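# Fold and geometry: a report
Listed below are the residues making up each chain.
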Amino acid sequence: MPRLHGFSAVIAILAGPILAGCGAPSGQASSGNAAHDNVAGTKAQAIPSTAPYITGIVTMVTAEMLLVEENPAQDHGDAKVNLRLNGSTRILRRSGAGARPSDLRMGQSLSAWVAGPVMESYPVQAVAAVIIFEP
């Protein structure tokens, strides 16, 4: 048995530095609270490199949802989406600076990326992953 114990100790010594490098990248501290990390004045955050799900104008705002329309002047047939906001939604200004849901206003131009499935209704419904808006 002492031989197995010694072998386990060697593995632990060799694996320690490898496992220590598996954490988050250095210099990217987070409080773990998405609402706190998304506040105005925080350092710029990365804007997604993929195309947004929708780019349009905010035509309705509530505390938990936005209606975004690609062409609000069109009565029907244009892209519209009800975006639900949750604690994981990142809200950013075009500069990449963090913002709050209360910074979103009717008439603003924005781009939005969604998370998870999209409910195929009209307008479609989805959870907002990232919202980038113009001031």
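Residues numbered from 1 in each chain as written. Predicted model: local features only at pLDDT ≥ 70, side-chain atom pairs only at ≥ 80, totals over all residues. Heavy atoms only, no water.

## Re the pairing of strand β5 (residues 109–119)
Sheet analysis places strand β1 (residues 54–61) next to β5, joined by four bridges and oriented antiparallel. Its bridge partner lying in β5, Ile-54 is registered against Ala-112. In terms of strand pairing, β5 meets strand β6 (residues 124–133) through seven bridges, oriented antiparallel. Within β6, the residue paired with Met-119 across the bridge is Gln-125. (Pairing = 2+ DSSP bridges. Helix = DSSP H or I, 4+ residues; strand = E, 2+ residues; numbered from the N terminus.)

## Focus: the nonpolar core
Of all hydrophobic cores here, the largest spans 17 residues; its most connected members are Leu-66, Val-68, Val-81, Leu-83, Leu-104, Leu-110 and Ile-131. Of all the elements in the fold, those that place two or more residues in this core are β1, β2 (65–69), β3 (80–84), β5 and β6. No other element matches β6, which puts five residues into this core. Not counting residues up to four positions away in its chain, the partners in contact with Val-68 are Ile-54, Gly-56, Ile-57, Ala-79, Lys-80, Val-81, Leu-83 and Leu-110. (Core = buried A, V, L, I, M, F, W, Y, C linked by side-chain atoms within 4.5 Å. Buried < 20%, exposed > 50% of the residue type's maximum accessible area, 1.4 Å probe, protein only. Contact = heavy atoms within 4.5 Å.)

## A short note on the confidence of the model for the protein chain
For the protein chain, per-residue confidence averages 76 on the pLDDT scale, and residues scoring 70 or more make up 68% of the total. Taken together, the stretch residues 1–41 has pLDDT below 50 and engages in 25 contacts with residues farther than four places along the chain or on a different chain. (pLDDT = per-residue confidence, 0-100.)

## What about the pairing of β2?
Extensive coverage of β2 is indicated by the burial of four of its five residues. Relative to β2, β1 runs antiparallel, the two being bridged by four bridges. The residue of β2 that forms the bridge with Ile-57 is Glu-69. Counting the residues in the hairpin turn of β1 and β2 gives three residues. Both β2 and β3 contribute to a ladder of five bridges, which runs antiparallel.

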